[in-house]
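Structural description and commentary
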Amino acid sequence: MVVLLQKSAFMSMQKSLAGLSTYAFLLWILLEQLCNGGEAVPDTECPDKVLWKNLLTTYGPISLRPVRNHTHTTTVSFRMLISQIVEFDERLQQIKISCWLKQQWFDEFLTWNPAFNGNVSQLYVPQTDVWVPDITLYDNIDDHFEHVKDILLWISHTGLVTWYTPAILKSSCKVQVKNFPFDIQYCEMTFASWSYDSSELNIVYTNDSDATQNVFHSNGVWLLEKVHVKRKEYKFACCEHPWAYLVYSFEMKRSPSFYISNIIVPCILLSFMTMLVFTLPPRSGEKIQLGMTNLLALLLFNN
């Protein structure tokens, strides 16, 4: 009798545990569905992660140009849009600008067929994992060279790599103050590869709608009038092939309203007041007082 009671109690305990396990399993599935938006989570990795791992496995050193034949030239399309003139130091003849850079090239080691890779046609990857061109501002006067933000590269399945990034550039600029404050300043910035000549890296520019858009924000003092781009080549004495570079020339016009209201108009008024001194009679006591007042006003204005 005792044995039968023990068996029945054991069987009822097993049923209770089985019921609890079933409820716990169902509850776990429900929570997983809620956390993933109601979609089932596969056991395999995402196709883009698997694709990127496979590409990195066969990529090779990032210090070598991305060509299968070393005699082929890598063409880099370069574009700079000036967004703001941060600082223009006329005494030191220096200019600092904020700009949007775009570099585009083909990487022969980053091509794939989307049909065999989960229909993935593009990837966003860090620039530290692949080769990037060493386009440098030759007119740079900053201690840390270009201040470029680490933005991800956009890679297409055809091997086209596009890099959009904001940057802060500082370079020298010759100042002409002959027509101040109605002057127009001309500055140039030269971009080229530091390591590769034109037989290895060819830098070009485009005149499409993306390269001619206006993103400039005026700072109240300088207005950006024109921007010209020219591609040139220079032959150094050390090397067999010339270096290709782009020269960005931009024209800035000073807004004279501030200087008219704060310099020109006060000078004209003070000059007119000084001429009024000669219209007063010599015996008038206000003549000396007016002259002294004008002199003090000029001294305060110069300070």
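Our structure is the block above this text.
Below: a short report on this structure. (Residues numbered from 1 in each chain as written. Predicted model: local features only at pLDDT ≥ 70, side-chain atom pairs only at ≥ 80, totals over all residues. Heavy atoms only, no water.)

Brief notes about the packing of aromatic side chains
A full pass over the atoms with the stated rule returns eleven aromatic pairs. Geometrically, the ring pair formed by Tyr234 and Phe236 is edge-to-face, given 4.8 Å between the ring centres and 75° between the ring planes. On the basis of relative accessibility, which here comes to 44%, the residue Tyr234 falls in the partly exposed class. A relative accessible area of 31% means that Phe236 is categorised as partly exposed. Through pairs of rings, three or more aromatic residues link up here, namely Phe78, Phe191 and Tyr248. (Phe/Tyr/Trp six-rings, centres within 6.5 Å; stacked < 30°, edge-to-face > 60°. Buried < 20%, exposed > 50% of the residue type's maximum accessible area, 1.4 Å probe, protein only.)

Details of the nonpolar core
By size, the foremost hydrophobic cluster in this structure holds 46 residues, and its most contacted members are Phe78, Met80, Phe88, Ile95, Leu169 and Phe191. Excluding residues within four positions of it along the chain, Leu169 makes contact with Met80, Ile95, Lys96, Ile97, Cys99, Leu137, Glu146, Met189 and Phe191. (Core = buried A, V, L, I, M, F, W, Y, C linked by side-chain atoms within 4.5 Å. Contact = heavy atoms within 4.5 Å.)

What about unusual backbone geometry?
Look at the link from Phe180 to Pro181: it is a cis peptide, with omega at 0°. Here the phi dihedral of Gln93 falls at roughly 55°; this positive angle occurs in a residue that is not glycine. Looking at where Gln93 falls in the secondary structure, it is placed in the loop between β1 (74–89) and β2 (94–106). We classify Gln93 as partly exposed; its relative accessible area is 34%. A positive phi is found at Asn119, a non-glycine position, where the angle reads about 60°. Residue placement: Asn119 occurs in the loop between β2 and β3 (122–125). (Helix = DSSP H or I, 4+ residues; strand = E, 2+ residues; numbered from the N terminus.)

Comments concerning the state of the cysteines
Using the criterion set out here, one finds one disulfide in the structure. A disulfide bridge connects Cys173 with Cys187, and the sulfur atoms are separated by 1.8 Å. On the sign convention where negative means left-handed, the S-S torsion of about -80° between Cys173 and Cys187 marks this disulfide as left-handed. Here the residue Cys173 occupies a position in the loop between β7 (160–172) and β8 (184–193), and Cys187 occupies one in strand β8, the gap between them amounting to 14 residues. Assigned by exposure class, Cys173 and Cys187 land together as buried. (Disulfide = S-S within 2.5 Å.)

Quick look at helix α2 (residues 47–57)
Since the α-helix turns once every 3.6 residues, residues separated by three or four places project in the same direction. Within α2, the full set of buried residues consists of Leu51, Trp52 and Leu55. Along α2, the residues classed as buried sweep out an arc of 100° about the axis, all on the same side. Its buried side turned inward, α2 meets β3 and β6 (153–156). (Arc of directions from axis to C-beta.)

Thoughts on the sheet that holds β8
Spatially, β4-β8-β11-β10 is the arrangement adopted by the four strands of the open sheet, whose pairing is antiparallel. Where the open sheet ends on each side, the last strands, each with one partner, are β4 (135–137) and β10 (222–234). Averaged over all neighbouring strand pairs, the angle between strand axes comes to 25°, with direction disregarded. For β4 and β8, the ladder comprises three bridges, and the chain directions are antiparallel. In the strand pairing of β8, Thr136 is matched with Ala192. (Pairing = 2+ DSSP bridges. Axes fitted to C-alpha atoms, helices over the stretch in contact; angles between N-to-C directions.)

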